[in-house]
Structures are given as structure tokens and as C-alpha cells.
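Working through the structure, step by step
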Amino acid sequence: MTKTSFLKHYGQSLSLLGAISIGCILGLIFKEKSVVFKPFGDIFLNLLFTIVVPLVFFSISSAVASMDSIQRLGKIITWMLVVFIATGIIAALIMLVAVKIYPPAEGINITLPSDVHMEQVKVSDQIVKAFTVADFSDLLSKKSMLALIIFALLIGISACTAGEKAKPFIAFLSGGHAVMMKAISYIMWYAPFGLGAYFAYLIGVLGPQLLGTYARAMAIYYPVSMAYFFIGFSFYVFLAAGKKGLKSFWPNIMPAAVTALATSSSMATMPVNLEAAQRVGVPRDIREMVIPIGSTIHMDGSCLSAVLKTAVLFGLFHMDFSSPWAMVTAVGVALLSGTVMSGIPAGGFLGELMIVTLYGFPVIAMPIISMIGTLVDPPATMVNAIGDNVSSMLVARILGGKNWMAHRDASASL
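All residue numbers refer to positions counted from 1 along the written sequence of the respective chain. In view of the model being predicted, local features appear only for residues whose pLDDT reaches at least 70, and side-chain atom pairs are presented and counted only at 80 or more, with totals across whole chains, interfaces and linings using the full set of residues. Computation of side-chain values: all heavy atoms of the structure, hydrogens and water removed.

**A few points about the packing of aromatic side chains**
Classification of ring pairs uses Phe, Tyr and Trp, with its six-membered ring standing for Trp, and accepts pairs whose centres are within 6.5 Å; under 30 degrees between planes counts as stacked, over 60 as edge-to-face, and the remaining range as tilted. Here the structure, examined in full by the defined rule, presents 19 aromatic pairs. Arranged with centres 6.2 Å apart and planes meeting at 80°, the rings of Tyr228 and Tyr236 form a pair that is edge-to-face. Just as Tyr228 is buried, Tyr236 falls in that class too. Among the aromatic side chains, those forming a connected cluster through ring pairs are Tyr228, Phe229, Phe230, Phe233, Phe235, Tyr236, Phe249 and Trp250. Think of it as a cone above the ring: NZ of Lys or CZ of Arg counts as a charge over the ring if it is within 6 Å of the ring centre and within 35 degrees of the ring normal. If you follow Lys38 out to its NZ or CZ, it ends over the ring of Tyr201, 5.5 Å from the centre. We call a residue buried when its accessible area falls under 20% of the maximum for its residue type, exposed when it is over 50%, and partly exposed in between, using a 1.4 Å probe and counting protein chains only.

Right under this line is the structure:
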């Protein structure tokens, strides 16, 4: 590999990793004073959050509107859901094995509060709010992402089936998508500065809190999630595209991975994730369907953490976690938390509430697992986000055959 080729493949990843390393060093040096770096990181985060709503709309609607057949849309959605469920179950089973080998509750000392107020949440109301909004203006918020996705699908299908008169509108959607992707490329020029500053803040201000609490639970989650990220995803990518896929995937995915790790937000990572999928060569209609929807309802990292939370509570309250019922329901709850619940507003809270109520834990169990969720959020988000990219490759393999990468978009840059 020539120097020019090496820089083309790894230049952006190396610049991000270098900036993050400098940020970590600055955080260790300045400690609490590192809060001064946070605004520079917030600028990057806000830019990503600002672009995510128009990006999702134009990506999904233009991809659907440009399809030659609505049948292909149905196939993409069907296999996408199959892949999401399969990978979620695998993630939950992996964590189940890990907590059996290394029980997470041993050595955890937690002062349980005497009274915890829990807001009553009607699941039916949350589902209605997840899938629909009362006014068009409410769609223009990342808080209504699932409703926005459904609206974009509706607009795309309508444009695809409206005939000759809709061609100018389809061209508008395609142009809007091109503009959004170009805007992402400009935002990524600032990424090394933004992510470096954010890591300086994380290490300097939050580092002691992250390392000093719930050490045993973190000692399980971090290695397991990293193993799933590197080994599990490599296996999925190999299934999707063989050695050629691995050579393309890892050089292109690292900017999205470090963005997810730094921001703890699948939504903020979505623009970078879409760009990475384009570079890998995932067909446009697949990547722009799977990744936006996956960032809302596909969370392998959350499946991992749901099993960990359940195991912690079983150990803390001296309950038997070895029974088949407990383990099977733990996997089921993890799948619901990482797929169905993740698409509902306050879905993380509902997932934790489901764990507490299903097994009959007292109310004070809620803040315990909420803290675990906070501590494992960075690697969980990285697994969540990159899992969407991997899923798009698996869907491309299923629909396009083993040589799908040979027919990738002309826009893909490898």
C-alpha cells in the first residue's frame, strides 16, 4: 500500500484518534479545569444534531422515492427487522454468558435511598407519541425521530407511486439529500477539534466518577462490549462481504465509532455513519433505510446492558438468576429494550421499568440500574451505532448476493 493510498484509507481515522489522544492528555493535566474545553465539543455535537432531522427526511424519502419497485422496499424492511432481531438476541446471549461467568453484583456496595419517586407512564400514550405527532412542526425535532421516519417513508412511497408529475419533487428530494451529505463532509472538517475537546472534558471532569463507581459492572460491560464490537462485528462483516468487506469496513468505520463513543448519541453519529456506509459501498437505498431506522430501534449495546442490569439486580437482592425462566425472560426483556422500547420517547426508562416490574423488584431498584445505564453509555452507544452499519451490510448481502460489493454505488469511495 502506497503512502497516498494509506492516507486515503486511514487519514481521517488517524487524525481523529490523534485529536482524541491529545484531548485525553489535556483532560488528565487540567482535570476539573477541563470544563473550558466543553463548549468546543458542544459546537460539534450541536452541528450534528442540527443536521440530523433534514438528513433523515431527505435520506429516507429520496431513497424510497427513487426505488424502481415498492416490492424492494418491503424486502429491505423485512430483512432489516430480521437482522435487527437476530443480532439483538445474539448480543443478549453473549452478555448472559458473561454474567454467569463473572457475576456483576459481587462486591458492589450501594446505599439504597429510602424513597424514590417514580413517574407513572402509560405505555399506550408513549407508543402513540412515538409513531405520530400532533402537528407538522413537531416533526422538526430529534425527539420525534420515529414519527419523522414514518413521515419520510410515507412521502417517499407517495412520490414513487405518483407517476410522471412527481418527477420534479423526486429530483428535489435527491438534491436535498446531496446537499445534506455535502454539509456532513464540511462538518467533519471540524471533527478532530470537536471530539478532542469533548474527550478532554470527559476525562478531566467526569473521569473520576466513571471509574470510581460500580467498578465490577463496568469491568464486565466494557470488555464484553469491546469484544462484541471488534470480534462480533468482524464476524458479521465477514459474513456480509468476506475479506474484502473487512478491508473496507474497518478503515472507514472508525470516525463514526469515535463520534459515538465521545457523544454517546446514535442520532449525532448517524450523519457520520451514513457517510461511512457510503464509503464501504452499501447500496444507497439500503444504507439510507437501515441506518436511520436502526439508530431509533436497533440497539445491540442496549441489549447487552439490559442483561447486565437484570443480573445486577438479581445479585443485589439475592435472587436466583440461574433458573431457565429468569435467563429466557432476561433475553426477552433485553430484546424489547434494545428494539421496541428504544423507539419510544423515554424508552430507556420504560425498559428499566419493565425489568423492575417484571421480576417484582422494589422501586429503589430503578436508580441502581439507571446509574449503570449512565456509566456504560459511551461503549453501548458505539455498539448501537456501528451495529446499524453492520446490519446494512448484512441486508445488502441477503438482497444482493455474495458479490454485492462489486455493484456498489459509483459514489462509494474506497
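**Concerning the confidence of the model for the chain**
Values of pLDDT, ranging from 0 to 100, describe the predictor's confidence in every residue of the model. When pLDDT is averaged along the chain, the result is 81; 82% of the residues meet or exceed 70. For the chain, helix 4 (residues 123-131) is the element with the lowest average pLDDT, namely 66, and helix 15 (residues 377-400) is the one with the highest, namely 92. Here residues 112-121 is modelled with pLDDT under 50, and outside its nearest four sequence neighbours on either side it reaches 15 contacts, counting other chains as well. The model gives residues 409-414 a pLDDT under 50, and that stretch makes 21 contacts with residues more than four places away or in other chains. Strands are runs of DSSP state E lasting at least two residues, helices are runs of H or I lasting at least four, and both sets are numbered from the N terminus onward. Note on definitions: a residue-residue contact is assigned when non-hydrogen atoms from the two residues lie within 4.5 Å.

**Brief notes about helix 8 (residues 215-263)**
Spanning 49 residues, helix 8 covers only 22 Å between terminal C-alpha atoms, well under the ideal 72 Å at 1.5 Å per step. One axis is fitted to the seven residues ending at the residue and one to the seven starting there. The bend at that residue is the angle between these axes. The largest bend along helix 8 measures about 125° and falls at Ala241. Ser264 sits one or two positions beyond helix 8 and adopts a positive phi of about 55°. An expected span of 1.5 Å times one less than the residue number is assigned to each helix.

**A few points about the environment of Gly294**
By the element assignment, Gly294 lies in helix 10 (residues 284-297). Given the relative accessible area of 0%, Gly294 is considered buried. Sequence separation between Gly294 and Asn384 is 90 residues; the distance between their C-alpha atoms is 8.4 Å. Contacts of Gly294, omitting those with residues within four sequence positions, involve Phe84, Met299 and Asp388.

**Comments concerning helix 15**
Over its 24 residues, helix 15 runs 34 Å from end to end, which matches the ideal 34 Å to within 8%, given 1.5 Å per residue. Burial of helix 15 is extensive: 19 of the 24 residues sit out of reach of the surface. In the segment just after helix 15, Gly401 is the residue with positive phi, at about 85°.

**Looking at the pattern of salt bridges**
Salt bridge criterion: a side-chain nitrogen from Lys or Arg within 4 Å of a carboxyl oxygen from Asp or Glu. Taken as a whole, this structure holds 5 salt bridges when the rule is applied. Between Lys167 and Glu164 there is a salt bridge, with its nearest N and O atoms 3.3 Å apart. With relative accessibility at 57%, the residue Glu164 sits in the exposed group. Its salt-bridge partner being Glu288, residue Arg284 comes within 3.1 Å of it at the nearest N-O pair. Taken together, the residues Arg284 and Glu288, both in helix 10 and 4 residues apart, mark about one turn of the helix. With relative accessibility at 1%, the residue Glu288 sits in the buried group. One salt-bridge network, held together by shared partners, links Arg284, Arg287 and Glu288.

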